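Fold and contact review
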Amino acid sequence: MSVTRGKEFTCIAAGLALSLAFASSASSQQSPNPEGRPLPSVAQSSTIFHQLEPELQRFVDQQPRLEGQAARVTVRITPEPSTGIVWIDLDSGYLPKTQTEFSEEFGDKLGEIESELYEYLSGTVQFKYVVARIGGKTINEIFPPDYIKERRSKHSTRAAATPVPGLVVINPGHGKYFHYGDNAWVYERPTPYVGTTNVHEDDVTLLFAQLLNTWLTSRSRNFVTEVRHTRATGNPFIEPESNLSWKDLAARYYIKSLLPDEGPTIWNRFPEGKPKRRDLREQDDDIAARARYANHINAETLISLHTNAAGPTARGALVMTKIDDPASVQLSNNILCYMKEQITAQGDYPDFAIRPELANGNNKAEVRDAEMPTALIEVGFHTNSEDAAALQDSEFQAAAMKGVEKGYRTFKKGETDCRPLTITNVPAVTGPPRRDIPYTVQFVGSPTYPLYLRSKVVTCPPNYLCSQNSTQYVSPGTAPGTLNAVARCTTAYPVSGSVIVLDRYLEDSDGVKSPMVRTSITCV
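Residue positions are given per chain, counting from 1 as you read along its sequence in written order. The predicted origin of the model limits local features to residues at a pLDDT of at least 70 and limits the giving and counting of side-chain atom pairs to 80 or more, whereas totals for whole chains, interfaces and linings rest on all residues. Side-chain descriptors were evaluated using all non-hydrogen atoms of the structure, hydrogens and water having been removed beforehand.

Observations regarding the overall build of the protein
Worth spelling out the cut-off: Numbered from the N terminus, helices here are DSSP runs of H or I no shorter than four residues, and strands are runs of E no shorter than two. Summary of the burial criterion: residues with accessible area below 20% of their type's maximum are buried, those above 50% are exposed, and those between are partly exposed, where the area comes from a 1.4 Å probe applied to protein chains only. We get accessible surface area from the Shrake-Rupley algorithm with a probe of 1.4 Å; when it comes to residues, only the shown protein chains can shield them.
Looking only at helices and strands, the protein features 13 helices and 21 strands. Projecting the C-alpha coordinates of the protein onto the three principal axes gives extents of approximately 90 × 60 × 50 Å. Each of the 524 residues in the protein was classed as buried or not, and the buried ones make up 53%. Counting only carbon and sulfur atoms, one obtains 51% of the accessible surface of the protein, whose full area is about 23,100 Å².

Dropping the structure here:
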């Protein structure tokens, strides 16, 4: 992702959005920006798009060209108010003349343009997706994924395979591969995390994968029957050809060991290399192998884990998916929801950025080639010093992967809306002194039990004993979203009409807290 000028142009867009926000009436359906103001919709943002179009044109003009691409490509930003999609229309010259099939290199070029506009608009305009078209067609319309082409083929008898219920594939990004030009085993992502000399995305994603495996097999055990990995996560033994630990190697090599006869279809698709990428053929094999392995074993879900790179100011977690697949979109939205809940519940990360809009993943082979619901999570930007520190923090790592697991679990449960832990009703109660006063609390959310109902005293009448109490609920009750509790008026000198004012909130065992709700106890 390239957002080198994003900060400057985001300021342009933000200034325009601010003027629009004050000029238009606030809608309860709009997402707020960090200052609490509603964001303008796509329909309200024509001025912003008009202002940003020449900036995006300059970005495309300066983008290095692939062989066969036109030197000059016209760029238009085409908002679609009815859907919330912001289209980037590139003329047909952007498609290399010799391009006959999808390549990750070309997909990355399109992704850079989408990411640039995404960065301009995120937090400035309320939109659904940013998607590039070439000559009016999306990348999937120009180059349909292989599994779709196979199904469409007149000679194919292949139908969509029935997925294995509960089989989840975790795909931790990258790893080392053999570079034929250097005659050496090298990282796919050789640039270390900012502020370090030896911490690489290829290694950190293994830690995320191990944590996610733990949470899936424990917390999602009602849905997960098996977890497999595209890399040899946690295997310290030496692979003889490379003389490296199995865990350090890219997916291609582990998948080869599992499926030695599937080279032409999965892990050795480019035995002679692509033109001008012959030295990188095993890296290209690796990228192609990830989703194809999940397809081969009929996985039910594919979750890919990465860390992101851009300019030093770009921050936050981002989820990419197949935006034309409703199941993938739902899975990804649930993951976004609960990553935000889990990460921001941690004391050091209350303001960690979670990008609210999904990104188009159809430019990535490990997304577009997956036949099953899939999400690619960029957990943070390792090119930003604050994000890089978080990505190496065990507390952050655990919270992020708990969020991914919870997103998966709620997706499997059929939740279609984001449900942060929230008290929806806690009544004011009235009762006599020194006796239990029963009441019921209603809430929404998917807390991790044990769950605690906590109270903070706001005001306490003279001669009353008012405590900051806490009630534990070990497991969900018979009525979903309902907690039975008791209050008390404790005093040796009751005065009728005395009122105790309290703030009540819920806290689950992950440290996720609901907003406080003010209530009272009237003592009679």
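The discussion continues.
As for the pattern of salt bridges
Stated precisely, the cut-off is as follows: Criterion for a salt bridge: a side-chain nitrogen of Lys or Arg within 4 Å of a carboxyl oxygen of Asp or Glu.
Counted by the stated rule, this structure contains 29 salt bridges. The closest approach of N and O atoms between R290 and E188, which form a salt bridge, is 3.1 Å. One end of the pair, R290, is in helix α9 (residues 281-296); the other, E188, is in the loop between β6 (184-187) and α6 (201-219), with 102 residues separating them in the sequence. The two residues R290 and E188 agree in class, both being buried. The shortest N-O distance in the salt bridge between D248 and K247 comes to 3.2 Å. Each of D146, R269, R292 and D369 takes part in a single network of salt bridges with overlapping partners.

A look at the sheet that holds strand β16 (residues 437-444)
In plain terms, the rule: Pairing between two strands requires that DSSP report at least two bridges joining them. All axes here are fitted lines through C-alpha atoms, helices being fitted over the stretch that makes contact, and every angle between N-to-C directions spans 0 to 180 degrees.
Overall, antiparallel pairing links the three strands, which are arranged β14-β16-β19 in an open sheet. Whereas interior strands pair on both sides, the edge strands pair on one side only; in this sheet they are β14 (422-425) and β19 (482-487). The mean angle between the axes of side-by-side strands here comes to 45°, regardless of whether they run parallel or antiparallel. When β14 meets β16, the two strands line up antiparallel, connected through three bridges. Across the sheet, T422 pairs through a bridge with V444, a residue of β16.

Describing α6
Filter applied, for reference: Every helix has an expected span of 1.5 Å times one less than the residues it contains.
Over its 19 residues, α6 runs 26 Å from end to end, which matches the ideal 27 Å to within 8%, given 1.5 Å per residue. Buried within α6 we find E201, D202, V204, T205, L206, F208, A209, L212, W215 and L216.

Some points on the packing of aromatic side chains
Definition in use: Pairs were defined over the aromatic rings of Phe, Tyr and Trp, the Trp ring being its six-membered one, requiring ring centres within 6.5 Å. Orientation was assigned from the angle between planes: stacked under 30 degrees, edge-to-face over 60, tilted for the rest. Whether a charge lies above a ring is judged from NZ of Lys or CZ of Arg, which has to be within 6 Å of the ring centre and within 35 degrees of the ring normal.
Within the structure shown, the criterion is met by eight aromatic pairs. Here Y118 and F127 contribute two aromatic rings whose centre-to-centre distance is 5.7 Å and whose plane-to-plane angle is 85°, an arrangement assigned as edge-to-face. Taken as a pair, Y118 and F127 share a single burial class, namely buried. Across the ring face of W87, the terminal group of R133 is positioned such that the distance to the ring centre comes to 4.1 Å.

A closer look at the nonpolar core
Selection rule: As used in this record, nonpolar core signifies buried Ala, Val, Leu, Ile, Met, Phe, Trp, Tyr and Cys residues forming a set joined through side-chain atoms within 4.5 Å. The contact definition used throughout considers only heavy atoms, calling two residues in contact when any of these lie within 4.5 Å.
Grouped together as the largest cluster of nonpolar side chains are 45 residues, with contacts concentrated most on L305, M339, I343, I377, V379, F396 and M401. Of all the elements, helix α13 (residues 394-413) adds the most residues to this core, at eight residues. Excluding anything up to four places from it in sequence, F396 contacts I343, Y349, F352, V379, A390 and L391. Ranked by size, the runner-up nonpolar core spans 37 residues in total, among them L52, V60, V73 and I77.

Concerning the confidence of the model for the protein
The cut-off we apply is this: A residue's pLDDT is the confidence the predictor assigns to it, expressed on a 0 to 100 scale.
Considering every residue of the protein, the mean pLDDT works out to 92; 92% of them sit at 70 or more. Confidence drops under pLDDT 50 across residues 1-7; counting only partners more than four residues distant or on other chains, this segment forms 26 contacts.

What to know about the sheet that holds strand β2 (residues 85-90)
Spatial strand order, β1-β2-β3: three strands in an open sheet with mixed pairing. At either end of the open sheet lies a strand with only one pairing partner, and these are β1 (75-80) and β3 (129-134). Put simply, the sheet's adjacent strands are angled 25° from each other on average, direction ignored. Bridge count for β2 against β3 is six bridges, and the pairing is parallel. Looking at the pairing, W87 lines up with V131 of β3.

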